[in-house]
Amino acid sequence: MDSRTKRRLSAAELDALARRALGAGVAFATELTDGFANAVWRLALDDGREVVLKLSPPPELDQLSYERNLLRMEAAAYEHALKAGVPVPSLLRAGFDDPVLGGDYLLLSALDGVSWNDVKPDGEDALRRELGRHLARFNTVTGEVFGYPHAGIVGATWREAFLSMVAALLGDTERYPAPLPRPAAELMAVFEAASPVLGEVTTPRLVHFDVWAGNVFLDLSGPPRIQAIIDHERAFWGDPIAEFVTPTIFGELREDDPLLAGYREVTPLELTPSALTRLDLYRAYLYLILLVENGPRQYPEEEYARVRDRSLSALDVVLRRLSHG
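Quantities reported herein were computed from a predicted structural model and do not represent experimental measurements.

### Things to note about the pattern of salt bridges
Scanning all chains against the criterion turns up 28 salt bridges. The salt bridge involving D97 is made with R72; its shortest N-O contact spans 3.1 Å. With D97 in the loop between β4 (91–95) and β5 (105–109) and R72 in helix α2 (residues 70–83), this residue pair connects regions lying 25 residues apart in the sequence. Judged by its relative accessible area of 55%, D97 is exposed. Take R72: its relative accessible area is 27%, and that puts it in the partly exposed class. Residues R264 and E255 are paired through a salt bridge, measuring 2.9 Å at the closest nitrogen-oxygen approach.

### Side note on the packing of helix α5 (residues 184–194) against helix α7 (residues 273–292)
The contact between α5 and α7 brings their axes to 10 Å, and the two run at 155°. Judged by the inter-axis angle, α5 sits roughly antiparallel to α7. Read as a crossing pair, α5 and α7 show a hand that is left-handed. Of the residues in α7, those in contact with L187, F191 and A194 of α5 are T277, L281, A284, Y285 and L288. For the contact of α5 with α7, a count of residues per class yields seven nonpolar, one polar and no charged.

### Details of α5
Within the span of α5, buried status applies to L187, M188, V190, F191 and A194. The buried side chains of α5 occupy one side of the element, clustering within an arc of 155° when seen end-on. For α5, the exposed residues lying more than 90 degrees away from the buried face are A185 and A193. Those residues of α5 that are buried are in contact with α4 (158–172), α7 and α9 (301–323).

### Re the side chain of N294
Mapped onto the elements of the fold, N294 is located in helix α8 (residues 294–297). Judged by its relative accessible area of 18%, N294 is buried. Other than its neighbours up to four places away in sequence, N294 contacts Y299 and Y304.

### Some details on α4
When the terminal C-alpha atoms of α4 are compared, their 21 Å separation across 15 residues agrees well with the 21 Å that a helix rising 1.5 Å per residue should span. Looking only at α4, the buried set comprises W158, A161, F162, L163, M165, V166, A168, L169, L170 and D172. In this structure, the buried residues of α4 make contact with β7 (146–148), β8 (153–155), α5, β12 (236–238) and α7.

### A short note on the sheet that holds β5
Taking strand neighbours across the sheet as the criterion, the five strands line up as β1-β2-β3-β5-β4 in an open arrangement whose pairing is antiparallel. Among the strands making up the open sheet, the edge pair consists of β1 (26–32) and β4. The sheet shows a mean angle of 20° between the axes of neighbouring strands, direction not considered. Pairing geometry for β4 and β5, over four bridges, is antiparallel. Looking at the pairing, R93 lines up with L107 of β5.

### What to know about the sheet that holds strand β10 (residues 216–219)
Judged by pairing direction, the sheet is antiparallel, and its three strands sit side by side in the order β6-β10-β11 without closing on themselves. Each end of this open sheet is capped by a strand with a single partner; those strands are β6 (114–115) and β11 (225–229). Pairing of β6 with β10, which is carried by two bridges, proceeds in the antiparallel orientation. Across the sheet, the residue bridging to V114 is L218, located in β10. Contacts from helix α3 (residues 124–138) reach β10 and β11, with the element oriented near 40° to β11.

Thresholds applied
Residues numbered from 1 in each chain as written. Predicted model: local features only at pLDDT ≥ 70, side-chain atom pairs only at ≥ 80, totals over all residues. Heavy atoms only, no water. Salt bridge = Lys/Arg side-chain N within 4 Å of Asp/Glu carboxyl O. Helix = DSSP H or I, 4+ residues; strand = E, 2+ residues; numbered from the N terminus. Buried < 20%, exposed > 50% of the residue type's maximum accessible area, 1.4 Å probe, protein only. Axes fitted to C-alpha atoms, helices over the stretch in contact; angles between N-to-C directions. Parallel < 35°, antiparallel > 145°, perpendicular 65-115°, else oblique. Left-handed = near helix turned anticlockwise from the far one by under 90°. Contact = heavy atoms within 4.5 Å. Nonpolar A, V, L, I, M, F, W, Y, C, P; charged D, E, K, R; others polar. Arc of directions from axis to C-beta. Expected span 1.5 Å × (residues − 1). Pairing = 2+ DSSP bridges.

So, in structure tokens, the structure goes:
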């Protein structure tokens, strides 16, 4: 999807960045357009390597509060994921506050697999079960504080941090008005009323929070398997049950979901009533993000309308459930 946050670089600029960062020039470059926020290119270098460049939005662009320094969180998440045994691309170089281009960039090893979003392989239940195991391993990584440290939105408890995350997002609507189903103050009140269940979460755990089919690459050279999970930029430190939001977006998490079965192969997880309430809080938060992020990104209307309408409808359902829970 096209977005105002995606920067454009000339062939000469791409070549100069690659030479500074990796010591090799660019023989060929292809922009990858599936993402929504950062500009991304696949680069064939003149030394034979293939890499992926992710470049942050222009430094002068006023982004959402949680989006400050997103690539710094992603860089850390790749390193944590690798240590936890989760398949991810190799982080080759991270550049922060680049003196030439401004902003941040990541250079990653290129993948030779295919996006799950582009294919319908055999054995999708087995792949979904494998994905559950990887997410459980990702969630074993613990931190020192809850929330988004890279953006300065944190809390000593998960309840404090999550309510700060929601408040920051709703505060962003003052700069970027969004089509919300209720006034911001009423929305905040729903989150606050349901928030006591967040007290059950006592350890900050790494949560990807953006695992949809487009962010999962598959190796189809043999029996289908997951090659890598990508795009960790929405990651935060919080409640691992939030990991189930994006893989079931606009739907519900069922007990017979292979994703849940795979997760439980690594660590116990019970869908108690309070756990399901927490899951609804995180669903509502994601739907709010999808509604508010159009402000800085300015998606083309014909591409964004379906996402906006589905987010509004799903958010309304979850808010009513939280209000009567």
